[in-house]
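Reading the structure
The primary structure of each chain is shown beneath.
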Amino acid sequence: MSPSVPLQEMIRAIRSARTQCEERGVIQRECAAIRAQFRQADNGGRSHNLAKLLYVHMLGYPAHFGQMECVRMIASSRYSEKRVGYLGAMMLLDEKQDASLLITNSIKNDLSHSNQYVQSLALCTLACMGSAEMCRDLAPEIDRLLRASNSYIKKKAALCAVHIVRKVHELGELFAPAARSLLSEKNHGVLHGAVVLITELCERSSESLERFRKTVPDLVQIMKGLVISGYSPEHDVAGISDPFLQVRLLRLLRILGRNNETASDAMNDLLAQVATNTDSTKTVGNAVLYETVLTVLDIKSESGLRVLAVNILGRFLLNNDRNIRYIAMTSLQKIVGTDHNAVQRHRGTIVDCLKDQDASVKRRALDLSLALVSASNIRSMMKELLLFLSSCPPELRSQAANGIFTAAERYVRDETVPNLIQLITNTSELHCYTVHKLYRALLSDISQQSLVQVACWCIGEYGDLLLRGDCQEVEPMQVCEDDVLDALETVLQSHMSSTATRGFALTATMKLSTRITDNVDRIRSIVSIYGSCIDLELQQRAVEYNALFKKYDHMRYAKKDSTHFCCCGVILFCSVNSFAFNVILEPECEQLTMHVLTLYGLTL
Amino acid sequence: MIRAILIFNNHGKPRLSKFYEHYTEDTEQQIIRETFHLVSKRDENVCNFLEGGMLIGGSDYKLIYRHYATLYFVFCVDSSESELGILDLIQVFVETLDKCFENVCELDLIFHVDKVHNILAEMVMGGMVLETNMNEIIMQVDAQNKMEKSETFIFQSTRQDR
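Okay, so let's go over this structure. It should be emphasised that the depicted structure is a prediction, and the values quoted were computed from it without experimental measurement.

Reading the values: the criteria
Residues numbered from 1 in each chain as written. Chains lettered and ligands numbered in written order. Predicted model: local features only at pLDDT ≥ 70, side-chain atom pairs only at ≥ 80, totals over all residues. Heavy atoms only, no water. Helix = DSSP H or I, 4+ residues; strand = E, 2+ residues; numbered from the N terminus. Buried < 20%, exposed > 50% of the residue type's maximum accessible area, 1.4 Å probe, protein only. Contact = heavy atoms within 4.5 Å. Areas by Shrake-Rupley, 256 points an atom, 1.4 Å probe, with all protein chains shown as cover. Core = buried A, V, L, I, M, F, W, Y, C linked by side-chain atoms within 4.5 Å. Buried area = accessible area lost by both parts, 1.4 Å probe. Salt bridge = Lys/Arg side-chain N within 4 Å of Asp/Glu carboxyl O. Polar contact = N/O pair within 3.5 Å; in protein donor to acceptor, adjacent residues only side chain to side chain. Pairing = 2+ DSSP bridges.

Details of the overall build of chain A
A tally of helices and strands in chain A yields 32 helices and two strands. Here chain A, with 604 residues, has 56% of them falling under the buried criterion. Taking the intrachain contacts of chain A between residues at least 6 apart in sequence as the baseline, contacts between residues at least 24 apart amount to 66%. Working note: accessible area of chain A is about 27400 Å², and carbon and sulfur atoms make up 52% of it.

Take a look at the structure:
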């Protein structure tokens, strides 16, 4: 009689329940029965009850009252009871429960049991839910098993050791010698476990990494054996000999060869061999190839090998199988920082993948496309990305938008201010309205630098329109010269204004000196203050404007000459700020300005 | 590292749930529901990799799944596992189940969930891949089952003797 019959009856009963409510009822009845059974003394059906409880737990119903029963079952001498007890321990117990400490002793005894299957149960449970204290207690046992037992136990002990190292890092030292000796085993399961253990040790401490670098020749030998050897039916998966072990070995070689010339040299031949000889028509072959490519790109490999690796990735990208395309993009993502140009070559294919129906492929393509945006391809990439944004699935929208903005910030020159000023200049019928509006905006808030800059420029340029006050589109406001100068001075003195903004304000103040009559002295004093400003740019401007005041004062009010005056101002402005000059061109003196600019060697 | 192995059917009913990290019962059920929700939305001919849900661990984790008839086999893994390797592992797992149960179907998994756990325990241990050779796995599982059977037999015969 199979021990699971009562379990099956219960399962049948649960399945025959037609509604959720009925199912709950059945389960509650069963749980009550199980609880009663647990309280009874030793009976023959203990394992059945616990098995039923575990099934109920899988469906989502509470099962914590079975924890002590697990402890009792593990301590039993019967294999069937131990088995269910350990399974229950893995499902119901964890480090935080006190009951987990109670099983430490049972595990210890079972680790030295004569029957290997009992030993394996103990190892499995320890690897699954062993707490740090349990690991510390039992580590010497595991080390013993790593050295002297059959291969079935050795492979399980190796993985158990990995778990112990993860929980208690210092114990890594304890397992290092045993791990080293396991590499000479023939059994693939043991080798696999050994490689995983060594990988974990190397990832945890750099001393281990140094020590295990010496094993690179051995690892290369093992790998060669797998790749070159004839057909081995035991480990063969679709024509490749133990691909799982191959993948693990390649990963370990990658960790050992990183940043190390000698180790990398030792692997070059092997990697070239694997890359060229592996059959890529089946998934297993691709798994090995993919791992090889990642290894080649991560270690210090020869350039020829690197080119081969990137080409393999390129081939993957064109593969019909979506899985292959997905992982190709994942690996390209890893190397886009270091081998940027190589990845750029495949930009077209990657951008095409943005249009794929598969959401996972789209996500990978988006990540990669954003990483490939550069100053040279930004226009075409943005077109594609914006197209993608308009039709992409909702969960990717924020990432796409974020990426687009970041790229815009990085690669696009901020030309709002010059463009806006150009726009204003060209719309002469709105000059009056614009300057009034901007003046009002300036009065209320001077924190937005671009706005303040445009406002200052307009006041400087069209200050006479502002002071005249007659504008139909806005409500009438009497603005006197002092008000205007106050506003500009506020901008000049505010700590919120950037240097560029102060430059605009200073020039505007200067330009106003031709448009106003009463406060020229005030302007002169403002400008001269900045003659000793710490900022070099402002100081230079102020000094030059001061010079203008002194030398060209007689030209100030002549209408015809005002254009020349403005022109000189432009020239001076040009020489100190080659960025803004293409904006501040008076149309009448364009020819003259061009002439002078050529003299200075400046271009527009 | 493999964080969890889930098998559920087309309606989201769990047929096997093995977690290699501890979660509370409520969280476990939530994870199953969320995984089912993510996986059932997928078309038939898209790739088998899904970026994981928020519950089970965030950006480092992926769901690798395969859909066979009425069942989804989902492995939730982190970046230290090879994606294609896990895909092959699922294949080996299903083939092993097929060998052990003679043309396995969903009902086999429902009524013999403990046996499925035992088979899985020979393949994945503590979240790490233990053995991938199908014949080796089946040999060990058979030996353990034989041991259990012989115990029951002894137990029954001793009872009769009394």
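Still more ground to cover, so stick around.
So, the nonpolar core
Core analysis: the largest hydrophobic core is formed by 192 residues, its most contacted members being Tyr 55, Ile 142 and Phe 175 of chain A together with Ile 2 and Phe 93 of chain B. With residues up to four places along the chain from it excluded, the contact list for Ile 2 of chain B reads Tyr 20, Phe 75, Cys 76, Val 77, Glu 81, Ile 86, Leu 89, Val 124, Gly 127 and Val 129 of chain B. By size, the runner-up hydrophobic cluster in this structure holds 47 residues, among which are Trp 457, Leu 488, Val 491 and Leu 512 of chain A.

Regarding the environment of Tyr 439 of chain A
Residue and element names in this part refer to chain A. Mapped onto the elements, Tyr 439 comes out in helix H25 (residues 431-444). For Tyr 439, a relative accessible area of 3% puts it in the buried group. Considering only alpha carbons, one finds Tyr 439 and Val 479, 40 residues apart in sequence, at a separation of 9.7 Å. Every residue in contact with Tyr 439, bar those within four places of it in the chain, is listed here: Ile 459, Leu 466, Met 477, Val 479, Asp 483, Val 484 and Ala 487.

What about the interface of chain A and chain B?
Contact residues are listed per partner, giving 74 residues for chain A and 62 residues for chain B. With both sides pooled, the region where chain A packs onto chain B buries about 5900 Å², and carbon together with sulfur makes up 55% of that total. When the buried surface of chain A facing chain B is broken down by residue, Met 58, Arg 83 and Phe 244 of chain A rank first, second and third, together holding 12% of it. Here chain A is connected to chain B by eight salt bridges. A salt bridge links Arg 248 of chain A to Glu 81 of chain B, with the shortest nitrogen-to-oxygen separation between them at 3.3 Å. Run the count over chain A and chain B and you get 24 residue pairs in polar contact (both at pLDDT 80 or more).

Considerations on the pairing of strand S4 (residues 62-68) of chain B
All names here are of chain B. As paired elements, strand S3 (residues 49-51) and S4 share three bridges and run antiparallel to each other. Bridging across to S4, Leu 50 finds its partner in Leu 63. Inspection of the sheet shows S4 paired to strand S5 (residues 71-77) by seven bridges, in the antiparallel sense. Pairing of Tyr 65 across the sheet is with Val 74, part of S5.

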